[in-house]
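Residues per chain are reported as follows:
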Amino acid sequence: MNNQPIGIFDSGIGGLSILGEIKSTLPNENLIYIGDTAYLPYGTKSKKIITERAHKICNYLIGQQCKSIVVACNTATSAAIHELRINFSVPIIGIEPAIKPATQSTKSRIIGILATQATLEGDKLSTLKQKFGQDITILHESCLGLVEEIELSNQQSQTLKNLVEIYVRPLIEQGADTLVLGCSHYPLIRTLIQKCAGDDVIILDPSLSVAQELKRQLDTKKLLRESNSGTTNCSQTGDSKTFEIFIEKSKLKYGSSLLTI
Ligand code: DGL
């Protein structure tokens, strides 16, 4: 089983921020990445639809013999990870907003969470807030339209800069000194967010922790691949040209569009 691939998915290019950390942490592994671009964005969809999509993609990845699956999407983790773990027997690793580390790093005792609407409304976030956020103020912004703009992957776009300004500025003005990137798309525009927030603001992205958790679980289950030179194959369910270009620019192998899942 050790030579079997690891499946990774997100609604689009967001999960590539996690894929990058997985590639560095586990260079021997073969990776299959799926961007569910036909259903992007997830963040404004219902829990039912997101769960159905996550389920179908996991089924597909299991059909590709994946030995483990990474839900490289906060929105899908929040909506579906519980059911995925019930329905699939391979290790399933998710991603959630780094609230605990944020409570440890904030000095102003005010933190800001940037995430999709579905993540902010999900039970997972309320549980994290109750567990770790008792004595701090947690501000949040559901960054409508931001994922779609990031998918266009033009960091110079004025619309993108305006959206960052609209969502980040109020959090800083209300005293947040730590920002939690609660959507895997946002690390792709980390520089823009940092510029808007100011150098003193700490920005937390859990991508590396996800890769480390994946390694830990594979190691415990003796599933790590030993032979070197792992491969990466990326595909999408839609036909987004920008997705394809982004994959090629990232020097990754592009498999196909319109993957029927
Ligand atoms: N990148 C995803 C997340 O981490 C999903 C964004 C979306 O499709 O709305 O939440």
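Residues numbered from 1 in each chain as written. Predicted model: local features only at pLDDT ≥ 70, side-chain atom pairs only at ≥ 80, totals over all residues. Heavy atoms only, no water.

## Points about the side chain of T106
Counting through the fold element by element, T106 comes out in the loop between helix 4 (99–105) and strand 5 (110–115). A polar contact is formed between the side chain of T106 and the backbone nitrogen of R109, at a distance of 3.0 Å. From its side chain, T106 meets the backbone nitrogen of I110 in a polar contact 3.4 Å long. With sequence-adjacent residues up to four places away left out, T106 is seen in contact with I111, I136, D177 and T178. (Helix = DSSP H or I, 4+ residues; strand = E, 2+ residues; numbered from the N terminus. Polar contact = N/O pair within 3.5 Å; in protein donor to acceptor, adjacent residues only side chain to side chain. Contact = heavy atoms within 4.5 Å.)

## A look at the sheet that holds strand 6 (residues 137–142)
Overall, parallel pairing links the four strands, which are arranged 6-5-7-8 in an open sheet. Of all strands in the sheet, those with a lone pairing partner are strand 6 and strand 8 (202–204), marking the two edges. Strand-to-strand twist of the sheet, defined as the mean angle between neighbouring strand axes without regard to direction, takes the value 20 degrees. Inspection of the sheet shows strand 5 paired to strand 6 by six bridges, in the parallel sense. Counted as the bridge partner of L114 is E141 from strand 6. Helix-sheet contacts for helix 8 (residues 158–173) involve strand 5, strand 6 and strand 7 (178–182), and the interaxial angle to strand 6 is about 165 degrees. (Pairing = 2+ DSSP bridges. Axes fitted to C-alpha atoms, helices over the stretch in contact; angles between N-to-C directions.)

## Here we look at the site of the ligand
As a matter of local geometry, the ligand sits amid 13 residues, with S11, Y42, T75, S184 and H185 nearest to it. D10 places a side-chain nitrogen or oxygen 2.9 Å from a nitrogen atom of the ligand. In this structure, S11 approaches the ligand through a side-chain N or O atom, which is 2.6 Å from an oxygen atom. In isolation the ligand offers 300 Å² of accessible surface; the protein chains occlude 99% of this area. Considered class by class, the residues forming the shell around the ligand number five nonpolar, seven polar and one charged. (Near = heavy atom within 4 Å. Areas by Shrake-Rupley, 256 points an atom, 1.4 Å probe, with all protein chains shown as cover. Nonpolar A, V, L, I, M, F, W, Y, C, P; charged D, E, K, R; others polar.)

## Here's the deal with the environment of G182
Its place among the elements puts G182 in strand 7. Setting aside residues no more than four positions away along its own chain, G182 makes contact with N74, P97, L114, A115 and T119.

## Here we look at the side chain of R225
Position of R225 among the secondary structure elements: in the loop between helix 10 (207–220) and strand 9 (232–236). Although R225 is buried, it forms no salt bridge, and the closest oppositely charged side chain is E29 at an N-O distance of 5.8 Å. At 3.4 Å, the side chain of R225 and the backbone oxygen of S227 are in polar contact. Beyond its immediate sequence surroundings of up to four residues, R225 is in contact with N2, N3, N28, E29, N30, K67 and G230. (Buried < 20%, exposed > 50% of the residue type's maximum accessible area, 1.4 Å probe, protein only. Lys, Arg positive; Asp, Glu negative; His and termini not counted. Salt bridge = Lys/Arg side-chain N within 4 Å of Asp/Glu carboxyl O.)

## Quick notes on the packing of helix 2 (residues 47–63) against helix 3 (residues 74–87)
Remark: helix 2 packs on helix 3, axes separated minimally by 9 Å, with the N-to-C direction vectors making an angle of 55 degrees. Overall, the two elements helix 2 and helix 3 adopt an arrangement that is oblique. Read as a crossing pair, helix 2 and helix 3 show a hand that is right-handed. When helix 2 is examined against helix 3, the residues K47, I50, T51, A54, H55 and C58 are found in contact with a partner set consisting of T75, A76, A79, A80, E83, L84 and N87. Along the lines of polarity and charge, the residues of the contact of helix 2 with helix 3 split into seven nonpolar, four polar and two charged. (Parallel < 35°, antiparallel > 145°, perpendicular 65-115°, else oblique. Left-handed = near helix turned anticlockwise from the far one by under 90°.)

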